[in-house]
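Letter by letter, the chains look like this.
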Amino acid sequence: MRFRKLINKFKSDASNFRKYSTLPICENHILLEAGQGKNTNGNMFALLEEICRNPKWKSLHPVFVVTEETKESAKKRFAFYGWNIELVIRDSEEYKKKLASAKYLLTDNSFPVYFLKRDEQVYLNTWHGTPLKTLGKSDLENAVSLSNIQKNYLMCDYALFPNPLTEAVFMKDYMLENLYRGKILSCDYPRNWHLADEAFGKKMRQTLGLNHQRVFAYMPTWRGTGRKASIEIQKKVIEGYLKELDEKLADDQVLLVNLHFLVGNTIDFSTYRHVRAFPSDYETYDVLSACDGLITDYSSVMFDFGVTNRKIILFTYDLEEYMSERGTYFSIDKLPFPQCETVEEVVQQFNDPKVEDRTLFWNEFCPYRAKDIPEKIIDLLTTGNPSDLRIENAPNNGKENLLVYVGNLNAPAYNEYIAQQIVKIQRDHPDHNIVVAFRGVIRKKEVEFIRQLPETIQFYGLVKKYGFYINELIRLRLSLESDFFYRLFKKSLKPVLEMERKRHFYSIEPAQTVTISRHSRYMDFEIESFPCPKTLEILPRVLVGTIALNREYKAKIKRAPAVYSQIIDNSMEDVHDLFKDDPLHYYNYAVAIGNVRNSFRQQGRKWIARSVGVLLNPLDLPVEQLQIKIHDEILPSRFHTLFRLGKGRALVSYTFALDYEEIERFDIQNKVYLSYTDSRGFGLEKGILYRIQDRRKGELYQGKVIQIPEYNTSVFFRQSKNNLMYFTVRTPLIFWQSCFQRKKAF
């Protein structure tokens, strides 16, 4: 099993990408990626257009990133504009090759988690809109991609921000302050250059046959969640409004509609007289430049179209509902644009030529508007010439950074302890910026942990991708478990670990590190490779739990004196207070049992289970006091140690019984718990592994089936998908319908 896992790591995207990192840099290749390959509009299109139409850049070879789904539409779009562009499919081998070797890298989002920018490459990130809706740290429940966005921005040579608000949002909510070492490029979005060019807009009106009509664009934001139900609901709502608008518009009025493709592709626009879809051949902002006005709601397109002095209408028919679900950086009432709740109000504004004074809006959201931005950006990237672009260093308070690595977060009590230690570190180091790094994306437990931290502490999520080759993984695994191999391979693994550290942390160069984690395998080695003083805080025994029996953890503690400048041993610290609201789970980290053999039989009106399992028990809890709990009931149980397997490990047998009368009160699915309570009322309630060997080939195991006619019930023990033991109570009919899909283990 371990060897198979090593092979899977060897075949990872990260290691496949790495093999191209030694290719010569293609000095004239410029890779452009819009919406992670799902888009052919916006900033990347505008920069591509500049490269293709300006003979000044004839030596550049553009490569545009697409997906399997967008490849044909991209081909069609670029052919329509007369460009012969090399396309690569995102995450393909050719894509990885181009990403690793192109001189210039441009995106409006983020490159994959396995990406590592080479020193010779020039990386520009433009992002894709001025944020009204909250992002990153201010929207933690939806911050799954925060970790990779942080990593990408730390690698940027230039981070483009179209206004001070966007810059402030990214510096604060992606916590780039004091960490980002690239340059801030303050200029308008490249995609706005045609909006700022009135002559181009007039030409587009003529091309589209709209010279004698009043034309508005309707571009609402996407409200969906990816589920079909939400798409259907959104489609129905929009179709209703479009029908009303179509009926109320005059013959010389046209509404061009650009919707999210999941909705727009399903609407039949041929049924309308005045409502049309955006012409699919043209780039979105090319069409927008031909419009007399814009109808939107909460979309960032309002900030782009705002560079013009044309009408903007906010059709906020669901304002209260939308705002209750999404936070915003400021009230939409702050904007100078009229808000409408009904179609009648929209049509009234459509017919009103008055445009509100935008002086304050321009100063705040469009301070850098200009029409030659794409040329200046390409010139900056390729020659280093800043022209008149505003280029500055990122905010930095001058303090050194102290990196606290906490590994994988866990249950609430564990996370609370880690948060308390971090607060102490901040208190003891007021002259440092505290940066907390943890493994994985931000989900519920990470959100709960982050909310315990002071606002002044920055956090950094580490993507779970490694780029090691198979021979390196073997040496790393051996080094994790053996001090001999650690010393043997230390020198040869040093450059590999430094490379991976750079891919994960890039420009984060702490003056000091503190590690407070149970066990993080290769990431521990990466942290240890930082060329600075390092501190290791050993967690309390009850929180380290069964990890203390792990050979890798033991090796980490053994090598600690040679690696860390300071070791703080908290192993004997009393942490009962952390569990005062949940005392029955105090020992959950410290005990685990996995069954080697299960047998089940009927004895009179009892159901007897007998198992042999491996018990991990580093705190030496009294085995004879362990019990079995099902459906909130402690069952008659008997545990016995067969023989010890070393310190903290033992092979045990245990038996428990269920009365038929009790079964009647059970749920259909009942988890089997290992239970224990000490003299102070602190205890253990933890699931039991059905088989220590886990399942094979996706098959789930189950024990003997007993039918109880008087209750019209069948009962049996089974293995869950995550290999835990469950007691199932079903009617015979329900049972036999599913029985054929299961394998009897014993």
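In what follows, the structure referred to is the one given above.
Residues numbered from 1 in each chain as written. Predicted model: local features only at pLDDT ≥ 70, side-chain atom pairs only at ≥ 80, totals over all residues. Heavy atoms only, no water.

S.K.: Would you mind showing me how to read the overall build of the protein here?
M.R.: In terms of regular secondary structure, the protein is built from 25 helices and 33 strands. When the 746 residues of the protein are sorted by exposure, 57% land in the buried category. Taking contacts inside the protein between residues at least 6 apart in sequence as the whole, the part at least 24 apart equals 71%. Total accessible area computed for the protein in this model is approximately 32,900 Å², and 50% of it derives from carbon and sulfur atoms. In the protein, which carries 106 positive and 93 negative side-chain charges, the distance between the mean positions of the two groups comes to 9 Å. (Helix = DSSP H or I, 4+ residues; strand = E, 2+ residues; numbered from the N terminus. Buried < 20%, exposed > 50% of the residue type's maximum accessible area, 1.4 Å probe, protein only. Contact = heavy atoms within 4.5 Å. Areas by Shrake-Rupley, 256 points an atom, 1.4 Å probe, with all protein chains shown as cover. Lys, Arg positive; Asp, Glu negative; His and termini not counted. Charge placed at Lys NZ, Arg CZ, Asp CG, Glu CD.)

S.K.: I'm lost on the environment of Lys556 in this one. Help?
M.R.: Relative to the helices and strands, Lys556 is located in helix 23 (residues 551–563). Judged by its relative accessible area of 2%, Lys556 is buried. For the pair Lys556 and His519, spaced 37 residues apart in sequence, the C-alpha separation works out to 8.3 Å. Among all residues touching Lys556, those that are not within four sequence positions of it are Thr515, Ser517, Arg518, His519, Asp524, Leu536 and Tyr564. Within polar-contact distance, the side chain of Lys556 engages the side chain of Asp524 at 3.4 Å. (Polar contact = N/O pair within 3.5 Å; in protein donor to acceptor, adjacent residues only side chain to side chain.)

S.K.: Looking at this structure, how should I read the pairing of strand 15 (residues 400–407)?
M.R.: On a regular strand, each side chain points to the face opposite its neighbour's, so the side chains alternate between the two faces of the sheet. Among the eight residues that make up strand 15, seven are buried, leaving the element largely enclosed by the rest of the structure. The sheet contact formed by strand 15 and strand 16 (residues 432–439) spans seven bridges and is parallel. Pairing of Leu403 across the sheet is with Val435, part of strand 16. Since strand 15 and strand 16 lie parallel, the crossover through helix 17 (residues 412–428) that links them has a hand, and here it is right-handed. Both strand 15 and strand 18 (residues 512–515) contribute to a ladder of four bridges, which runs parallel. Opposite Val404, over in strand 18, you have Val514 as the bridge partner. (Pairing = 2+ DSSP bridges. Right-handed = clockwise from strand over helix to strand, strands pointing away.)

S.K.: Looking at this model, I keep getting lost on the nonpolar core. Mind explaining?
M.R.: Among soluble globular proteins, nonpolar side chains are generally buried collectively. In this structure, Phe717 and Phe727 are the most contacted members of the largest nonpolar core, which totals 210 residues. For this core, the element with the highest residue contribution is helix 17, accounting for seven residues. Setting aside residues up to four positions removed in sequence, Phe727 forms contacts with Trp607, Ile630, Leu658, Ile663, Phe666, Ile668, Gln669, Asn670, Val672, Val715, Phe716 and Phe717. If you look at the next biggest cluster of nonpolar residues, it comprises 24 residues, including Leu259, Ile267, Val346 and Phe350. (Core = buried A, V, L, I, M, F, W, Y, C linked by side-chain atoms within 4.5 Å.)

S.K.: Even after reading the chapter, I still don't get the packing of helix 19 (residues 470–481) against helix 23, so can you show me in this structure?
M.R.: Two quantities define a packed helix pair, namely the angle between the axes and the distance from one axis to the other. Two numbers describe how helix 19 lies on helix 23: the axes approach to 6 Å, and their chain directions differ by 70 degrees. Between helix 19 and helix 23, the angle falls in the class roughly perpendicular. Mapping the contact onto sequence places Arg477, Leu480 and Glu481 in helix 19 and Arg551, Glu552, Ala555 and Arg559 in helix 23. When grouped by side-chain class, the residues that make up the contact of helix 19 with helix 23 number two nonpolar, no polar and five charged. (Axes fitted to C-alpha atoms, helices over the stretch in contact; angles between N-to-C directions. Parallel < 35°, antiparallel > 145°, perpendicular 65-115°, else oblique. Nonpolar A, V, L, I, M, F, W, Y, C, P; charged D, E, K, R; others polar.)

S.K.: Teacher, can you tell me more about the sheet that holds strand 25 (residues 637–644) here?
M.R.: Strand-to-strand pairing in sheets goes through backbone hydrogen bonds, with the strands running parallel or antiparallel. With antiparallel pairing, four strands are arranged side by side in an open sheet as 21-22-26-25. Both outer strands of the open sheet, strand 21 (592–603) and strand 25, are each paired with one neighbouring strand and no more. The sheet shows a mean angle of 15 degrees between the axes of neighbouring strands, direction not considered. Pairing analysis gives seven bridges linking strand 25 to strand 26 (residues 649–659), with the strands arranged antiparallel. What sits directly across from Phe639, in strand 26, is Tyr654.

S.K.: Honestly, the pattern of salt bridges in this entry has me stumped. Any pointers?
M.R.: Note on pairing: side chains with opposite charge can pair once their charged atoms come close. A full pass over the atoms with the stated rule returns 37 salt bridges. Measuring nitrogen to oxygen at the nearest pair gives 3.3 Å for the salt bridge that ties Lys98 to Glu86. With Lys98 in helix 5 (residues 93–101) and Glu86 in strand 3 (residues 86–89), this pair connects stretches of sequence that are twelve residues apart. Glu86 sits in the partly exposed class, given a relative accessible area of 24%. Between Glu500 and Arg503 there is a salt bridge, and its shortest N-O distance comes to 2.6 Å. With a gap of three residues between them, Glu500 and Arg503 both fall in helix 20 (residues 483–505), about one helical turn apart. Across this residue pair, the class does not change: Glu500 and Arg503 are buried. Within the structure, one salt-bridge network assembled from shared partners comprises Lys19, Glu93 and Lys96. (Salt bridge = Lys/Arg side-chain N within 4 Å of Asp/Glu carboxyl O.)

S.K.: What is the right way to read the packing of helix 3 (residues 43–53) against helix 16 (residues 373–383) from this model?
M.R.: Remark: helix 3 packs on helix 16, axes separated minimally by 9 Å, with the N-to-C direction vectors making an angle of 80 degrees. Put simply, helix 3 runs roughly perpendicular to helix 16. Residues Ala46, Leu47, Glu50 and Ile51 of helix 3 touch helix 16, and the partners they reach there are Pro374, Glu375, Ile377 and Ile378. Class assignment for the residues of the contact of helix 3 with helix 16 results in six nonpolar, no polar and two charged.

S.K.: So what exactly am I meant to see when it comes to the pairing of strand 21 here?
M.R.: Sheet topology note: the strand 21/strand 22 (residues 606–616) ladder contains eleven bridges and is antiparallel. When the bridges of strand 22 are listed, Arg601 appears paired with Ile608. Following strand 21, the chain reverses through two residues before pairing antiparallel with strand 22; Gly604 in that reversal takes a positive phi of roughly 65 degrees.

S.K.: Before we go on, may I ask you to explain the packing of aromatic side chains in this structure?
M.R.: The description of two aromatic rings rests on the distance between their centres and on the angle between their planes. Taken as a whole, this structure holds 54 aromatic pairs when the rule is applied. Residues Phe17 and Phe115 carry aromatic rings whose centres are separated by 6.2 Å and whose planes lie at 65 degrees to one another, so their mutual orientation is edge-to-face. Taken as a pair, Phe17 in helix 2 (residues 13–18) and Phe115 in the loop between strand 4 (102–107) and strand 5 (122–125) lie far apart in primary sequence, 98 residues in all. Ring-pair connections join several aromatic residues into one group, and the members of that group are Phe600, Trp607, Phe639, Tyr654, Phe656, Phe666, Phe717 and Phe727. Over the aromatic face of Phe330 sits the side chain of Lys334, whose NZ or CZ is 5.2 Å from the ring centroid. Geometry around Tyr486 places Arg559 over its ring, the cationic atom sitting 5.3 Å from the centre. (Phe/Tyr/Trp six-rings, centres within 6.5 Å; stacked < 30°, edge-to-face > 60°. Lys NZ or Arg CZ within 6 Å of the ring centre and 35° of its normal.)

S.K.: Looking at this model, I keep getting lost on the environment of Ala650. Mind explaining?
M.R.: Topologically, Ala650 is positioned in strand 26. For Ala650, a relative accessible area of 5% translates into the label buried. Ala650 sits 37 residues away from Gly613 along the chain, and the two C-alpha atoms are 8.4 Å apart. Ignoring anything within four residues of it in the chain, the contact list for Ala650 reads Gly613, Val614, Leu615, Thr641, Phe643, Arg644 and Leu645.

S.K.: Honestly, a nonpolar patch on the surface in this entry has me stumped. Any pointers?
M.R.: On the surface, Leu642, Phe643 and Leu645 cluster together into a nonpolar patch covering about 270 Å² of accessible area. Structurally, the position occupied by Leu642 is in strand 25. Residue classification places Leu642 among the partly exposed positions, given a relative accessible area of 38%. (Patch = residues over 30% accessible without salt bridge, like charges linked within 9 Å, V, L, I, M, F, W, Y side chains within 5 Å.)

S.K.: Please explain the state of the cysteines as it appears in this structure.
M.R.: Here a disulfide denotes one covalent bond, and it connects the sulfur atoms of two cysteines. Going through the model one piece at a time under the given rule, you end up with zero disulfides. With no disulfide of its own, Cys26 lies 18 Å from the sulfur of Cys52, the closest cysteine sulfur. Note on Cys26: relative accessible area 27%, which makes it partly exposed. Taking the relative accessible area as the measure of exposure, Cys52 reaches 30% and is therefore partly exposed. (Disulfide = S-S within 2.5 Å.)

S.K.: Looking at this structure, how should I read helix 20?
M.R.: Along an α-helix, residues three or four apart share an orientation, since each turn contains 3.6 residues. With 23 residues, helix 20 ought to run about 33 Å at 1.5 Å a step, yet its terminal C-alpha atoms sit only 26 Å apart, falling short of that. Of the residues making up helix 20, those classed as buried are Tyr486, Phe489, Leu493, Val496, Leu497, Glu500, Arg501, Arg503, His504 and Phe505. Regarding helix 20, its N-cap is Ser482, as a side-chain oxygen of that residue lies 3.2 Å from the backbone nitrogen of Phe484 further along. Phi turns positive one or two residues past the end of helix 20, at Tyr506, with a value near 45 degrees. (Expected span 1.5 Å × (residues − 1).)

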